Amino acid sequence: MNKKDLISIMDYSKEEHLRIMDLAADFEKNPNQKLLEGKVVASLFFEPSTRTRLSFETAINRMGGRIVGFSDAGSSSVTKGETLHDTIRMVSQYADLIVMRHPLEGSARYAAEVSSVPVINAGDGANQHPTQTLLDMYSILKTQNTFDDLNIFMVGDLRYGRTVHSLLMAMSQFENPIFNFIAPEELLMPEEYKIYLREKGIRFFEHLEFTDIISEADIVYMTRVQKERFSDPMEYEEVKNVYILRNSMLENTKPNMRILHPLPRVNEIATDVDKNEKAYYFQQALNGVFTREAIIAHALNLK
Amino acid sequence: MSEHKKKLKLKVSAISEGTVIDHIPSENLFDVISILELDKTPNMITFGANLDSDKLVNKAIIKVSNQFFENDDINKIALIAPHAKLNIIKDYEVIEKKVVEVPSQVIGIVKCFNPKCITNAEPITTSFKVTSKEPIALKCMYCEKITSESQMVIK
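Residues numbered from 1 in each chain as written. Chains lettered and ligands numbered in written order. Predicted model: local features only at pLDDT ≥ 70, side-chain atom pairs only at ≥ 80, totals over all residues. Heavy atoms only, no water.

**Considerations on the overall build of chain B**
- Along the backbone of chain B there are three helices and eleven strands.
- Secondary structure of chain B in N-to-C order comes out as α-β-α-β-β-α-β-β-β-β-β-β-β-β.
- Sorting the 155 residues of chain B into buried and exposed places 46% on the buried side.
- Put simply, of all contacts in chain B between residues at least 6 apart along the chain, 57% involve residues at least 24 apart.
- As displayed, chain B has an accessible area near 9100 Å², and 52% of this comes from carbon and sulfur atoms. (Helix = DSSP H or I, 4+ residues; strand = E, 2+ residues; numbered from the N terminus. Buried < 20%, exposed > 50% of the residue type's maximum accessible area, 1.4 Å probe, protein only. Contact = heavy atoms within 4.5 Å. Areas by Shrake-Rupley, 256 points an atom, 1.4 Å probe, with all protein chains shown as cover.)

Okay, structure coming up:
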């Protein structure tokens, strides 16, 4: 594949991950680099997404590109029954790059096969969301100055959360990580990821709660525990308050510790945490713009 | 069974040239026929199902005259007939025996079990990486979900 698609986080080599980090830092210093002047980017959102779409479109605008596309399938030809194949075939003739979100899993890989221009996956159902992972990595690097020797806590829905799975894979490339998985019984980290870590000889620990151990963390990656994931509603009622991060829990944490969250947040991070300097999730969202500028520049060989 | 009877039995169903595919699970006989496109062949075929076997409770057998298979083609049936054995026949003699091997990649043949996979929504040829051969586990190249042996449905 000569085209630089980004469909799955591990499509990029470790070197490419690091290159995206360098480029993102460069865009952070100067976000308005007009590298996309005269170029058209198709932004195809077959399902609505506020954050990801605005972040991408901000990145494209800051780079001086023009955007065509739609923000939900209702305003596209999908309502007339057009296949994804035909939509992509057509759009790839108009645009220089396609950014796509689609509710079906594997749709991005398929679009990349059909498209003559690079495709960036902005989320394909519950499968992959690689630009989120790259911005998570950039946030980790910015706050820790390293990817090595980090103790990473992942909290909440570790079973269905695609962001934690991709981040786990990405961080496993670096030296000596430790993972602590904190989740209710019904939402534990899937076995396939634990097998992956064991094969790589990476240490991980599983816990049902984290109040007592949070002092060891360098990164606390929070995710939402959703009621609809539980087969037994009583089970949810029992655990719903266990996976909420409160400001009082941060007292004895490491000075370098930072809290990340892919957002949107509901109640899993109490609002009293927001003013704590260890709360990093809003800056993390801003990092998304710089990281996406970097990904676009890389996909089109602009830098 | 005496040697005499064995020979008699062989004679009845023997073919002069072609391939005998033995030890197919009976319930998968017609899927094997369809994967190997034997339903379209002009060659003479005989098949039997629900036969006695030491290895399978009830096995099926297919005999195809004047047809020989490439390994890549025959390995496609490994997913549903992992213990199948092939006898290549020339002039009524078995000149070669082959066993099937689960390939490292499976193109088409199997449906992805994930209802939310794009391959179940549009006319796309499925493609899987075989992550385990025993029991079979297939990782979809598109949605990246694993279809296990018990979830496998032939397209």
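Past the structure itself, the notes keep going.
**Quick look at the interface of chain A and chain B**
- Contact with chain A, which involves 14 residues of that partner, is made by twelve residues of chain B.
- Both sides of the chain A and chain B interface together cover about 1200 Å² of buried area, and 49% of this is carbon and sulfur.
- Our count for the chain A to chain B interface comes out at two salt bridges.
- For the salt bridge of Glu-144 of chain B with Arg-109 of chain A, the shortest nitrogen-to-oxygen distance reads 3.9 Å.
- For the interface between chain A and chain B, the tally reads nine residue pairs in polar contact (both at pLDDT 80 or more).
- Secondary-structure elements contributing two or more residues to the side of chain A that touches chain B are α3 (84-94) and α4 (107-114) of chain A.
- Counting residues per element, the side of chain A that touches chain B draws most heavily on α4 of chain A, which supplies four residues.
- By residue class, the composition of the side of chain A that touches chain B is four nonpolar, seven polar and three charged. (Buried area = accessible area lost by both parts, 1.4 Å probe. Salt bridge = Lys/Arg side-chain N within 4 Å of Asp/Glu carboxyl O. Polar contact = N/O pair within 3.5 Å; in protein donor to acceptor, adjacent residues only side chain to side chain. Nonpolar A, V, L, I, M, F, W, Y, C, P; charged D, E, K, R; others polar.)

**Quick notes on the pattern of salt bridges**
Residue and element names in this part refer to chain A.
- The full count for this structure, using the stated rule, is 16 salt bridges over all chains.
- When the shortest N-O distance is used, the salt bridge between Lys-194 and Glu-206 registers 3.1 Å. Here Lys-194, found in helix α7 (residues 191-200), pairs with Glu-206, found in strand β7 (residues 203-207); they are twelve residues apart in sequence, far enough to count as distant.
- Members of the salt-bridge network, linked through shared partners, are Glu-191, Lys-194, Arg-198 and Glu-206.

**Looking at the domain arrangement of chain A**
Residues and elements named next belong to chain A.
- The assigned domain composition of chain A is domain 1 (31-128) and domain 2 (131-285).
- Averaged C-alpha coordinates put domain 1 and domain 2 at centres separated by 29 Å.
- The interface of domain 1 with domain 2 comprises eleven residues on the first partner and six residues on the second.
- At the boundary of domain 1 with domain 2, total buried surface from both sides reaches about 600 Å², with 44% on carbon and sulfur atoms. (Domains from an automatic or database assignment.)

**Things to note about the sheet that holds strand β2 (residues 45-51) of chain B**
All names here are of chain B.
- Pairing is antiparallel in the open sheet, where five strands are placed in the order β2-β3-β1-β4-β5. Strand pairing shows two members of the sheet lacking a second neighbour, β2 and β5 (93-99), which therefore form its edges. The mean angle between the axes of side-by-side strands here comes to 15 degrees, regardless of whether they run parallel or antiparallel.
- Two strands pair when backbone bridges link them, and strand β4 (residues 85-90) and β5 are joined in this way by six bridges, in the antiparallel orientation. Paired with Lys-90 across the bridge in β5 is Glu-93. (Pairing = 2+ DSSP bridges. Axes fitted to C-alpha atoms, helices over the stretch in contact; angles between N-to-C directions.)

**Some details on the confidence of the model for chain B**
- On average, chain B scores 88 in pLDDT, and the residues at 70 or more come to 89%.
- Across the predicted assembly, pTM comes out at 0.88 and ipTM at 0.89. (pLDDT = per-residue confidence, 0-100.)

**Things to note about the domain arrangement of chain B**
All names here are of chain B.
- Under the domain assignment used here, chain B contains domain 1 (3-99) and domain 2 (105-154).
- When the two sides are added together, the surface that domain 1 and domain 2 hide from each other amounts to roughly 570 Å², 85% of it contributed by carbon and sulfur.
- There are zero salt bridges connecting domain 1 and domain 2.
- The interface formed by domain 1 and domain 2 includes zero residue pairs in polar contact (both at pLDDT 80 or more).
- Here the side of domain 1 that touches domain 2 is built from residues that sort into four nonpolar, no polar and two charged.

**Section: helix α9 (residues 281-299) of chain A**
Residue and element names in this part refer to chain A.
- Taking 1.5 Å as the rise per residue, α9 with 19 residues should run 27 Å; its terminal C-alpha atoms sit 26 Å apart, in good agreement.
- Counting buried residues along α9, 15 of its 19 residues qualify, which places the element largely inside the surrounding structure.
- Backbone geometry just downstream of α9 places Asn-301 in the positive-phi region, at approximately 55 degrees. (Expected span 1.5 Å × (residues − 1).)

**Things to note about the sheet that holds strand β9 (residues 136-140) of chain B**
Residues and elements named next belong to chain B.
- Strand order across the open sheet formed by four strands is β6-β8-β9-β10, with antiparallel pairing between neighbours. Taken across any chain shown, the strands that pair with only one partner, and hence form the sheet edges, are β6 (105-107) and β10 (146-148). Within this sheet the neighbouring strands show an average axis-to-axis angle of 30 degrees, counted without direction.
- As paired strands, strand β8 (residues 127-133) and β9 are joined by five bridges and run antiparallel to one another.

**Description of the packing of aromatic side chains**
- If you walk through the whole model with that rule in mind, you get eight aromatic pairs over all chains.
- Here the aromatic rings of Tyr-110 of chain A and Tyr-142 of chain B are separated by 6.2 Å at their centres, their planes lie at 70 degrees, and the arrangement is edge-to-face. Here Tyr-110 of chain A, found in helix α4, pairs with Tyr-142 of chain B, found in the loop between β9 and β10, and the two come from separate chains.
- According to the relative accessible area criterion, Tyr-110 of chain A is buried, its value standing at 7%.
- An aromatic cluster of at least three residues, connected via ring pairs, comprises Phe-179, Phe-181 and Phe-204 of chain A.
- Lying over the aromatic face of Phe-56 of chain A, Arg-292 of chain A brings its terminal NZ or CZ to 5.0 Å of the ring centre.
- It is Lys-90 of chain B that lies over the ring of Phe-68 of chain B; its NZ or CZ is 5.0 Å from the centre. (Phe/Tyr/Trp six-rings, centres within 6.5 Å; stacked < 30°, edge-to-face > 60°. Lys NZ or Arg CZ within 6 Å of the ring centre and 35° of its normal.)

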